[in-house]
Amino acid sequence: RGAAVGPPSGAKGAAGGMRSAGGGAGGRQDFGFHGCGDHRQDLQQFVSKNCLDVRTQEALETLSEVEQKKVMGTDGGPNSFVLIDKVANPNAVVMSRLRTAQR
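All values derive from a computational prediction rather than experimental measurement.

Take the packing of helix 1 (residues 39–49) against helix 2 (residues 54–61) next. At a minimum axis distance of 11 Å, the contact between helix 1 and helix 2 shows a crossing angle of 155°. Considered as vectors, helix 1 and helix 2 are oriented roughly antiparallel to each other. With respect to the hand of their crossing, helix 1 and helix 2 are arranged in right-handed fashion. In this structure, helix 1 uses Arg-40, Leu-43, Phe-46 and Val-47 to contact helix 2, whose residues at the interface are Gln-57, Leu-60 and Glu-61. Residue composition of the contact of helix 1 with helix 2, grouped by class: four nonpolar, one polar and two charged.

In structure tokens form, the structure reads like this:
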């Protein structure tokens, strides 16, 4: 099979993609994907796109909205919204992020 051809690195994809980490206002870096504007829809898409199991989904739902956004990367932070093609075990990554968000 041939090499996959896709959008250039950093291009905006179906899930919102990544914004460039260049200098924003005052040199502030703006990472990540900020969601669609509907937090519940973002949460459902995050669970679906990453094929998260029931245990991980339920753990995510126990967090506050602010903590959920950190875990999903929709807070503008460095976390990636789509994990399924980037990590071996998205459930483990999300559970690790959950623990970090609760600190």
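Quick look at the side chain of Asn-50 now. Looking at the element boundaries, Asn-50 is found in the loop between helix 1 and helix 2. Classification of Asn-50 as buried rests on a relative accessible area of 0%. Ignoring anything within four residues of it in the chain, the contact list for Asn-50 reads Phe-81, Val-82, Leu-83, Ile-84 and Pro-90.

Counted at 1.5 Å a residue, the expected span for helix 4 (residues 90–101) with its twelve residues is 16 Å, and the 16 Å between its end C-alpha atoms agrees. Among the residues of helix 4, Pro-90, Asn-91, Val-94, Met-95, Arg-97, Leu-98 and Ala-101 are the ones counted as buried. In an axial view of helix 4, the angular spread of the buried residues amounts to 160°, which keeps them on one side of the axis. Looking at the buried residues of helix 4, the elements they touch are helix 1, helix 2 and helix 3 (65–72).

When you line up the elements, Gly-37 lands in the segment before helix 1. A sequence separation of 37 residues divides Gly-37 from Thr-74, and the C-alpha atoms of the two residues are 9.6 Å apart.

Averaged over the protein chain, the pLDDT score is 78; the fraction of residues at 70 or greater is 68%. Across residues 1–30, confidence stays below pLDDT 50; counting only partners more than four residues off in sequence or on other chains, it has 24 contacts.

Applying the stated rule across the entire model yields one salt bridge. Between Lys-69 and Glu-65 there is a salt bridge, and its shortest N-O distance comes to 3.3 Å. With Lys-69 and Glu-65 both in helix 3 and four residues apart, this pair spans about one turn of that helix. You can call Lys-69 partly exposed: its relative accessible area is 30%. Judged by its relative accessible area of 44%, Glu-65 falls in the partly exposed class.

What counts, and at which threshold
Residues numbered from 1 in each chain as written. Predicted model: local features only at pLDDT ≥ 70, side-chain atom pairs only at ≥ 80, totals over all residues. Heavy atoms only, no water. Axes fitted to C-alpha atoms, helices over the stretch in contact; angles between N-to-C directions. Helix = DSSP H or I, 4+ residues; strand = E, 2+ residues; numbered from the N terminus. Parallel < 35°, antiparallel > 145°, perpendicular 65-115°, else oblique. Left-handed = near helix turned anticlockwise from the far one by under 90°. Contact = heavy atoms within 4.5 Å. Nonpolar A, V, L, I, M, F, W, Y, C, P; charged D, E, K, R; others polar. Buried < 20%, exposed > 50% of the residue type's maximum accessible area, 1.4 Å probe, protein only. Expected span 1.5 Å × (residues − 1). Arc of directions from axis to C-beta. pLDDT = per-residue confidence, 0-100. Salt bridge = Lys/Arg side-chain N within 4 Å of Asp/Glu carboxyl O.

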